[in-house]
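Here's the letter readout for the chains.
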Amino acid sequence: MIRVEDLVFDYPGFRALDGVSFAVEPHSITALVGPNGAGKTTLLNCMAGLALPAAGRVQLDQIDVHRTPREAHARMGYLSDFFGLYSELSVQRCLDYRARAQGIPSDRRAAAVQRAAERLGLADRLKQRAGELSRGLRQRLAIAQAIVHEPAVILLDEPASGLDPEARFGLAAVLRGLKDEGMTLIVSSHILAELEDYSTHLLVLEQGRILDYHALDGAPAPNAARRFELQLVEPRADLAAVLTAAGLGDVRIEGRLAHFTMAGDAAVQAALLRRLIEAGLPVAGFAATKADLQDAYLALLKDSRARASAAPHVNGTKIQAPAPAGPVP
Ligand SMILES: Nc1ncnc2c1ncn2[C@@H]1O[C@H](COP(=O)(O)OP(=O)(O)OP(=O)(O)O)[C@@H](O)[C@H]1O
């Protein structure tokens, strides 16, 4: 659906994207994460055709975004991290204005405005001025503007920034809803806890390069070790010994809770549970724990930085002048 190939983007004297390649599946939500300055906004700007890369290309279906940007924009919505709204216009006029800008014919415009407002939960605010809306509703209006032309893909740069927990929760539901209706979303954010709730893929960028890109909702590999939590009715002094004797890895005990890793399918889990009960442990609960996206992300960055500092030459983000030809003095 979207294919990014060997993308390189330079600001004067500074390489912000360095050989970025990935492909986005249709009807997915890709969480784009990375430290400040990693290149997320630059990547989204390139994907939206708003910044021209020094090398590489972005394709939306078969359309080259930089060669035929208008064609691409007809199928794409984009929300900048610093979006502006016409605060004196009503919600309806804001959406109508954007619908006109997108070239939606006049006989379809009112329906497009209504549909976008409904999708974002703004149908009862159409007469209200944009400047009177709360921050959360302004964010929704900005997204409604970005999807008024029913794009297949929407790129959102930090849509949750500045929102309170309730508004962020509402935004997550909106994004899930757009995906369920068939859109493909790429969302940059620093709020990993929420991304985990609605994203299907995670793309980690650091210093202009992809550090990791994987699906979040896929079933774990059959033999992959997973983390489990065991709850007892009351603490037991022999808990660690029983778990270690059962061959479990990375055993950690906190009162009546134990965490450990193990590989294996449901039959292996059932056998372990039977063994624990036969050992006399008062088991109150036993389940695989959800992977913590934030922990995984921080571990990834730590690992990458450790590798970078160990390497003799880090591929720096400063653009180096080519080495002069000829003998080295
Ligand atoms: N106009 C510019 N001129 C020079 N360098 C720039 C310019 N805009 C961004 N940069 C640099 O490019 C790098 C990538 O910036 P970008 O804004 O894409 O990162 P980001 O991951 O979106 O950061 P943040 O999470 O802070 O929004 C940063 O080091 C930034 O300082």
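Residues numbered from 1 in each chain as written. Predicted model: local features only at pLDDT ≥ 70, side-chain atom pairs only at ≥ 80, totals over all residues. Heavy atoms only, no water.

The chain has the name ABC transporter in an unreviewed UniProt entry, where Hypericibacter adhaerens is given as its organism. Entered under Sequence similarities (unreviewed entry) in the UniProt record, the comment concerning the chain runs "Belongs to the ABC transporter superfamily." (UniProt positions renumbered as here; feature names shortened; annotations may be inferred.)

A. View of the domain arrangement of the chain. Assigned domains within the chain: domain 1 (2-215) and domain 2 (226-288). Look at where the C-alpha atoms of domain 1 and domain 2 centre, and you get two points 44 Å apart. (Domains from an automatic or database assignment.)

B. Expanded view of the packing of aromatic side chains. Scanning the model with the defined rule gives six aromatic pairs in all. When the centroid spacing of 4.9 Å and the interplanar angle of 70 degrees are considered together, the rings of phenylalanine 9 and tyrosine 11 count as edge-to-face. Given the relative accessible area of 38%, tyrosine 11 is considered partly exposed. Among the aromatic residues, those joined into a ring-pair cluster are Phe228, Phe260 and Phe286. (Phe/Tyr/Trp six-rings, centres within 6.5 Å; stacked < 30°, edge-to-face > 60°. Buried < 20%, exposed > 50% of the residue type's maximum accessible area, 1.4 Å probe, protein only.)

C. View of the sheet that holds strand β2 (residues 14-24). Strand order in the open sheet formed by four strands is β2-β1-β4-β5, with antiparallel pairing between adjacent strands. The strands lining the two open edges of the sheet, one partner per strand, are β2 and β5 (63-64). With five bridges joining them, strand β1 (residues 2-11) and strand β4 (residues 55-60) adopt antiparallel strand pairing. When the bridges of β4 are listed, valine 8 appears paired with alanine 55. (Pairing = 2+ DSSP bridges. Helix = DSSP H or I, 4+ residues; strand = E, 2+ residues; numbered from the N terminus.)

D. Quick peek at the pairing of strand β10 (residues 209-215). In this structure, strand β9 (residues 201-206) lies alongside β10, joined through six bridges in antiparallel fashion. Residue leucine 205 lies in a different strand from β10, and its bridge partner there is isoleucine 210. The antiparallel hairpin formed by β9 and β10 contains two residues in its connecting segment, where glutamine 207 sits at a positive phi of about 45 degrees.

E. Spatial organisation of the packing of helix α3 (residues 91-101) against helix α5 (residues 135-147). For the pair α3 and α5, interaxial distance at closest approach is 8 Å and the crossing angle is 30 degrees. When the axis of α3 is compared with that of α5, the two are roughly parallel. For the element pair α3 and α5, the recorded crossing hand is right-handed. Across the interface between the two elements, Val91, Cys94, Leu95 and Arg98 from α3 touch Leu141, Ala144, Gln145 and Ala146 from α5. Tallied by class, the residues present in the contact of α3 with α5 amount to six nonpolar, one polar and one charged. (Axes fitted to C-alpha atoms, helices over the stretch in contact; angles between N-to-C directions. Parallel < 35°, antiparallel > 145°, perpendicular 65-115°, else oblique. Left-handed = near helix turned anticlockwise from the far one by under 90°. Contact = heavy atoms within 4.5 Å. Nonpolar A, V, L, I, M, F, W, Y, C, P; charged D, E, K, R; others polar.)

F. Layout of the nonpolar core. Membership of the largest hydrophobic core comes to 48 residues, with the highest contact counts inside it found for Leu95, Leu141, Ile143, Ile154, Leu156 and Leu185. Core analysis: the second largest hydrophobic core is formed by 29 residues, Ile2, Val24, Ala51 and Val153 among them. (Core = buried A, V, L, I, M, F, W, Y, C linked by side-chain atoms within 4.5 Å.)

G. A look at the pairing of β9. Across the six residues that make up β9, a large majority, six, are buried. Residues of β9 alternate between two faces, with His201, Leu203 and Leu205 on one and Leu202, Val204 and Glu206 on the opposite face, all of them buried.

H. Local environment of the side chain of histidine 201. Along the chain, histidine 201 falls in strand β9. Among the polar contacts listed, one links the side chain of histidine 201 to the side chain of threonine 200, at a separation of 2.8 Å. When neighbours within four sequence positions are excluded, histidine 201 is seen to be in contact with Glu25, Ser28, Ile29, Thr30, Ala31, Tyr213, His214, Ala215 and Leu216. (Polar contact = N/O pair within 3.5 Å; in protein donor to acceptor, adjacent residues only side chain to side chain.)

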